[in-house]
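Residue-level structural notes
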Amino acid sequence: MARSSRRKFLQAGLILPAAGFVSSHNLNAFAQGFAGAAYRQLGKTGLKVSGVGSGVGITPDPDVIARAIDLGVNYFDTARGYGEGNSERITGAALKGKRNKVVLATKTDGRTKADIIKDMDASLKALDTDHVDIYHLHSRDTPETITDEAVEACEMLKKQGKTRFMGVSTHDVNAVANHILKIGKFDVVQTNYSYALGAPFRQAAIARLHEAGIGVVAMKVIIAVAGFVPKEIKLPQEGPLAALKWVLMNPAISTTVPYAKNTIELEMNARAMTEHYTPEDEKMLYVRNQAIRPLYCRMCYECKGKCPKNVPVTDELRFLAYNDFGGNFNQARDNFLRMPDEIRSVRCSNCSLCVIQCPNGVEVRNRLIRAQTLLA
Ligand code: SF4
Ligand code: SF4
């Protein structure tokens with residue numbers, strides 16, 4: 001970390017353990033278990049981003065955003081669809097006068113050229129800025145959802161200066177990485193990556209993107225920090241910090257976008273940029289991983305297309321996780337209700353036996369019944 005950066009963290013009141021201090025020169029230390037340098041290159045964009053960024057979420061807290069900037073966090077991620085524009089509006093207001101200090105990413109759910117362009121104008125207005133740094137095609141989990149038309153729209157917006165760079169956010173990086181590389185126009189990919197979701201089935205695709213100069217942003221890094229977790233499951237308090245440190249050990253990850261609901265959580269997250277990943281962290285993550293095993297879908301997509309009634313198992317379990325692990329019922333329900341009628345009306349409770357045997361130990365039928373009862 002540059003001396004000025006370290007000073008910034010110190011001024012902000014964070015304790016930097018000497019042993020955890022990593023200079024930007026010794027990136028090789030990642031392999032030996034360091035969490036990593038505070039600032040990293042975002043692929044070939046030329047942007048330097050903090051290893052811990054901020055996923056501002058559906059209802060951002062302006063105090064958290066202000067404190068994040070004080071701490072040196074410089075990557076902020078939102079989306080047009082979060083809270084139907086509220087997330088962008090609050091973020092824009094919180095960034096007033098500080099816009100040039102941050103790298104700002106937003107996303108569009110638009111599928112047609114017209115919708116993508118319309119979304120961008122709405123985003124810029126809500127964010128109170130004349131450009132974003134990264135414009136993602138949101139939640140594109142199959143190659144077919146990254147269409148020529150969508151790519152053309154993003155290129156046009158880039159030419160117009162409304163976005164500096166183009167990105168894709170995806171829950172299934174394995175499915176889309178080669179397509180993105182073949183298109184050759186995207187600068188950034190945002191995907192889920194965590195101790196529970198990571199190895200080994202995402203690692204190779206992430207490495208390929210990184211080697212091609214695409215900045216990789218990790219999302220869904222922290223699991224079970226908020227929301228519903230069954231009482232009998234005891235989760236270690238510092239798990240989120242360990243989870244971030246685990247992700248930052250991967251040099252192919254440029255930044256992360258954890259959500260912090262208050263400044264205490266934010267400050268804990270920021271520590272991941274300055275501390276070692278330790279054997280205690282490893283143990284803690286093992287305990288957490290075991291505890292959430294039957295409940296948390298790893299999004300490996302092994303069960304894709306296997307339900308005879310066409311239940312999109314991974315999607316429904318992800319929506320449930322927004323509530324059960326993210327504590328956000330509205331986000332969970334909104335996503336569930338966006339599925340076509342014929343899909344969301346299927347009830348797993350009418351199936352006596354589920355054909356899906358999850359290799360990761362998720363109790364698929366039970367969890368789907370909970371999703372369909374809670375969110376329908
Ligand atoms: S339910 Fe299991 S098999 Fe299906 S995506 Fe989730 S982790 Fe993979
Ligand atoms: S319980 Fe039945 S409907 Fe539900 S996912 Fe399994 S096979 Fe499909």
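A brief structural summary. (Residues numbered from 1 in each chain as written. Chains lettered and ligands numbered in written order. Predicted model: local features only at pLDDT ≥ 70, side-chain atom pairs only at ≥ 80, totals over all residues. Heavy atoms only, no water.)

Right, let's talk about the site of ligand 2 for a bit. Neighbouring residues of ligand 2: Cys307, Pro308, Lys309, Val311, Cys348, Cys351, Cys354, Val355, Arg365 and Leu368. Broken down by class, the residue content of the shell around ligand 2 amounts to eight nonpolar, no polar and two charged. (Near = heavy atom within 4 Å. Nonpolar A, V, L, I, M, F, W, Y, C, P; charged D, E, K, R; others polar.)

For the rest of this paragraph, the subject is the pairing of strand β6 (residues 132-137). Within β6, six of the six residues are buried, which leaves the element mostly enclosed by the surrounding structure. Where strand β5 (residues 103-108) meets β6, four bridges bridge the pair, whose relative direction is parallel. Following the sheet pairing, Thr106 is matched in β6 by Tyr135. Regarding the hand of the β-α-β motif, the stretch spanning β5, helix α4 (residues 113-127) and β6 is right-handed. Two strands pair when backbone bridges link them, and β6 and strand β7 (residues 163-170) are joined in this way by five bridges, in the parallel orientation. Bridge pairing in β7 links His136 to Gly167. (Buried < 20%, exposed > 50% of the residue type's maximum accessible area, 1.4 Å probe, protein only. Helix = DSSP H or I, 4+ residues; strand = E, 2+ residues; numbered from the N terminus. Pairing = 2+ DSSP bridges. Right-handed = clockwise from strand over helix to strand, strands pointing away.)

Read across the open sheet, the eight strands follow the order β3-β4-β5-β6-β7-β8-β9-β10; overall the sheet is parallel. Edge positions in the sheet fall to β3 (54-55) and β10 (255-256), since each of these pairs with one other strand and no more. Pairing of β7 with strand β8 (residues 188-192), which is carried by four bridges, proceeds in the parallel orientation. Bridge pairing links Gly167 to Val188 in β8.

In globular proteins that are soluble, nonpolar side chains generally tend to be buried together. Counting residues in each nonpolar core, the largest one holds 85 residues, and the members touching the most others are Phe76 and Ile180. Of the residues forming this core, the biggest block, seven residues, is contributed by helix α8 (residues 239-248). Both of domain 1 (3-290) and domain 2 (313-375) provide at least three residues apiece to this core. Val103, Ala105, Val217 and Met219 belong to the second-largest nonpolar core, a separate cluster that totals 12 residues. (Core = buried A, V, L, I, M, F, W, Y, C linked by side-chain atoms within 4.5 Å. Domains from an automatic or database assignment.)

So, about unusual backbone geometry. Unlike most non-glycine residues, Met299 shows phi in positive territory, near 55°. Within the element layout of this structure, Met299 appears in the loop between α10 (279-292) and α11 (313-324). When its relative accessible area of 3% is taken as the criterion, Met299 is described as buried. Unlike most non-glycine residues, Tyr301 shows phi in positive territory, near 65°.

What follows covers the site of ligand 1. Taken together, the neighbourhood of ligand 1 is formed by 13 residues, with Cys297, Arg298, Cys300, Cys303 and Cys358 sitting nearest. With respect to the pocket detection grid, ligand 1 is positioned in the largest cavity. When grouped by side-chain class, the residues that make up the shell around ligand 1 number nine nonpolar, two polar and two charged. (1 Å grid on protein atoms, 1.4 Å probe; cavity = no way out; pocket = protein on both sides within 12 Å on 5 of 7 lines; lining within 4 Å. Sits in = over half its atoms within 2 Å of the grid points.)

With that settled, consider the packing of aromatic side chains. Under the counting rule described, the total for this entry stands at three aromatic pairs. Between the aromatic rings of Tyr296 and Phe325, the centroid separation amounts to 5.0 Å while the plane-to-plane angle is 85°, which identifies the pairing as edge-to-face. With Tyr296 in the loop between α10 and α11 and Phe325 in the loop between α11 and α12 (329-337), this residue pair connects regions lying 29 residues apart in the sequence. We note that Tyr296, like Phe325, is buried. A ring pair is formed by Phe319 and Tyr322, whose centres lie 6.5 Å apart and whose planes are at 25°; its orientation type is stacked. Placement of both Phe319 and Tyr322 in helix α11 is noted, with a separation of three residues, approximately one turn of the helix. Taking the relative accessible area as the measure of exposure, Phe319 reaches 6% and is therefore buried. For Tyr322, a relative accessible area of 12% translates into the label buried. (Phe/Tyr/Trp six-rings, centres within 6.5 Å; stacked < 30°, edge-to-face > 60°.)

When you line up the elements, Asn310 lands in the loop between α10 and α11. Look at Asn310 and you get exposed, because its relative accessible area is 54%. Separated by 34 residues in the primary sequence, Asn310 and Arg344 have C-alpha atoms spaced 9.9 Å apart.

Should their charged atoms come close, side chains of opposite charge can pair. Enumeration over the complete set of coordinates arrives at 18 salt bridges. Two residues, Arg271 and Glu275, come together in a salt bridge whose shortest N-O distance is 2.7 Å. Arg271 sits in the partly exposed class, given a relative accessible area of 25%. (Salt bridge = Lys/Arg side-chain N within 4 Å of Asp/Glu carboxyl O.)

Moving on, we get to the pairing of strand β9 (residues 215-219). Of all five residues in β9, five are buried; the element is thus mostly enclosed. Burial of the side chains of β9 extends over both faces: Gly215, Val217 and Met219 are buried on one face and Val216 and Ala218 on the other. Two strands pair when backbone bridges link them, and β8 and β9 are joined in this way by five bridges, in the parallel orientation. Following the sheet pairing, Val189 is matched in β9 by Val216. Of the strand pairs in this sheet, β9 and β10 are connected by two bridges, and their pairing is parallel. For Val217, the partnering residue across the bridge sits in β10 and is Thr255.

Purely spatial values, then, with no claim about function.
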